[in-house]
Amino acid sequence: MAKPIIIAGPCSAESDEQMDIAFEEAAKRHVDFVRCNLYKPRDIPAFDGLGEKGAHLLGKAARAGLNPALEVMLPEHVDMAMDAALPHLSEDGKLLVWIGARNQNHIIQDEIARRTAKDPRVWLMVKNQPWVAERHWAGILTWVLDAGMPPERVLNCYRGYTPSYGDKNPEGFRNLVNFEEAMRVKENSGLPMLFDPSHTGGTVENVFKMAEMSAAYDFDGMIIELHHDPAHAYTDAKQQLTWPQFDELLAKMQTARKA
Ligand code: PEP
Ligand code: MN
């Protein structure tokens, strides 16, 4: 397997202090992208990200030699992120934006991809929709590629399926997973497939289990939520690992891969 692509950092950017720590920890570990996430889709009103107020953090990440990554919900968010990050990127730096699971309006997906296509430093990741539908997932990829996004800058990410009608996942994880399906979509699309152990797992213990299970499959990397003080995180407090726990998880995945 080629070197895995790692996107790591807090669920949400909350403050300069919090992100300064994240940037330092991410730089030490040479992660490919640091989560510097400014827009959070929420089911019920709650903290939904710093939005534009956090735009300077993208520039800060870039000036620290890091590649920032964030979810975009609207085409305007792409413009905001490009304006804030691109002037500050290092020579071979990149900006990654992703379309989250809940953003299932193809007109918006198409317009986001048209905007990311414009600059070769901008990558686009697509997360699967929350409900089980392999055809729909493949459809999102077709929309963004047809909008002109070069496949070399497109990543796919499996985040499992949200249990329906409020039913708890019988296996005790946050989301339902079907690794074979993710592998089929990878094969059919020819695009790199990342895994999200955080949103599939839902608790620190389950993030470890998910990551170790995923090691048996041909994923090309992962997106993982890390926080220096998870108990006080504004969002997804239960599932964020500390950076030392992340080191432990990588070591366990190595062992699982060799087994
Ligand atoms: C996220 O990665 O921040 C996120 C909200 O995940 P998803 O869109 O998969 O629910
Ligand atoms: Mn999250």
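The structure this text deals with has already been given above.
Criteria and thresholds
- Residues numbered from 1 in each chain as written.
- Chains lettered and ligands numbered in written order.
- Predicted model: local features only at pLDDT ≥ 70, side-chain atom pairs only at ≥ 80, totals over all residues.
- Heavy atoms only, no water.
- Donors = N, O, S within 2.8 Å, 3.2 Å for Na, K, Ca; no water.
- Helix = DSSP H or I, 4+ residues; strand = E, 2+ residues; numbered from the N terminus.
- Salt bridge = Lys/Arg side-chain N within 4 Å of Asp/Glu carboxyl O.
- Buried < 20%, exposed > 50% of the residue type's maximum accessible area, 1.4 Å probe, protein only.
- Polar contact = N/O pair within 3.5 Å; in protein donor to acceptor, adjacent residues only side chain to side chain.
- Core = buried A, V, L, I, M, F, W, Y, C linked by side-chain atoms within 4.5 Å.
- Contact = heavy atoms within 4.5 Å.
- Pairing = 2+ DSSP bridges.
- Right-handed = clockwise from strand over helix to strand, strands pointing away.
- Near = heavy atom within 4 Å.
- Areas by Shrake-Rupley, 256 points an atom, 1.4 Å probe, with all protein chains shown as cover.
- Nonpolar A, V, L, I, M, F, W, Y, C, P; charged D, E, K, R; others polar.

Attention shifts here to the coordination of the manganese ion (ligand 2). Those protein atoms acting as donors to the manganese ion (ligand 2) are C11 (SG), H199 (NE2), E225 (OE) and D236 (OD), and they sit at 2.0 to 2.4 Å. Mapped onto the sequence, the donors of the manganese ion (ligand 2) take the spacing C-x187-H-x25-E-x10-D. Residue E225 is found in strand β8 (residues 221-225), and its partner D236 is found in the loop between β8 and α9 (243-258); the two are separated by 11 residues along the sequence.

A full pass over the atoms with the stated rule returns 19 salt bridges. Of the charged contacts in the structure, one is a salt bridge between R114 and D110, with a shortest N-O distance of 2.8 Å. You can see R114 and its partner D110 sitting in helix α4 (residues 106-116), 4 residues apart, about one turn around the helix. Since its relative accessible area comes to 40%, R114 is described here as partly exposed. The exposure class of D110 is buried, given its relative accessible area of 14%. Across the pair E205 and K209 runs a salt bridge, and its minimum N-O distance is 3.6 Å.

Below, the discussion takes up α4. For α4, every residue scored as buried is listed here: I108, Q109, D110, I112, A113, R115 and T116. Of the residues that open α4, the one with a side-chain oxygen 2.9 Å from the backbone nitrogen of I107 is N105.

Counting residues in hydrophobic clusters, the biggest one holds 68 residues, and the most contacted among them are L58, L70, L95, I224 and L249. Tallying contributions element by element places helix α3 (residues 75-85) first for this core, with 6 residues. Leaving out residues up to four positions away in the same chain, L58 has contacts with C36, L38, P68, L70, M80, A81, A84 and A85. Core analysis: the next-biggest nonpolar cluster, separate from the first, contains 12 residues, I7, A69, W98 and W123 among them.

Counted residue by residue, strand β4 (residues 95-99) has 5 buried out of 5 residues, so it is predominantly covered. In β4, alternate side chains face the same way, and those of L95, V97 and I99 on one face and L96 and W98 on the other are all buried. Relative to strand β5 (residues 122-127), β4 runs parallel, the two being bridged by 5 bridges. Among the inter-strand pairings, V97 is bridged to a residue of β5, identified as L124. Traced from β4 through α4 to β5, the parallel crossover comes out right-handed.

Turning to the site of ligand 1, a few remarks are in order. What surrounds ligand 1 is the set R35, N37, K40, E71, W98, G100, A101, R102, K127, R159, H199 and E225. Between ligand 1 and R35 there is a distance of 2.7 Å, counted from an oxygen atom to a side-chain nitrogen or oxygen. Here an oxygen atom of ligand 1 and a side-chain polar atom of K127 are 2.7 Å apart. Coverage of ligand 1 by the protein chains reaches 98% of its 300 Å² of free accessible surface. A per-class count over the shell around ligand 1 returns 2 nonpolar, 3 polar and 7 charged.

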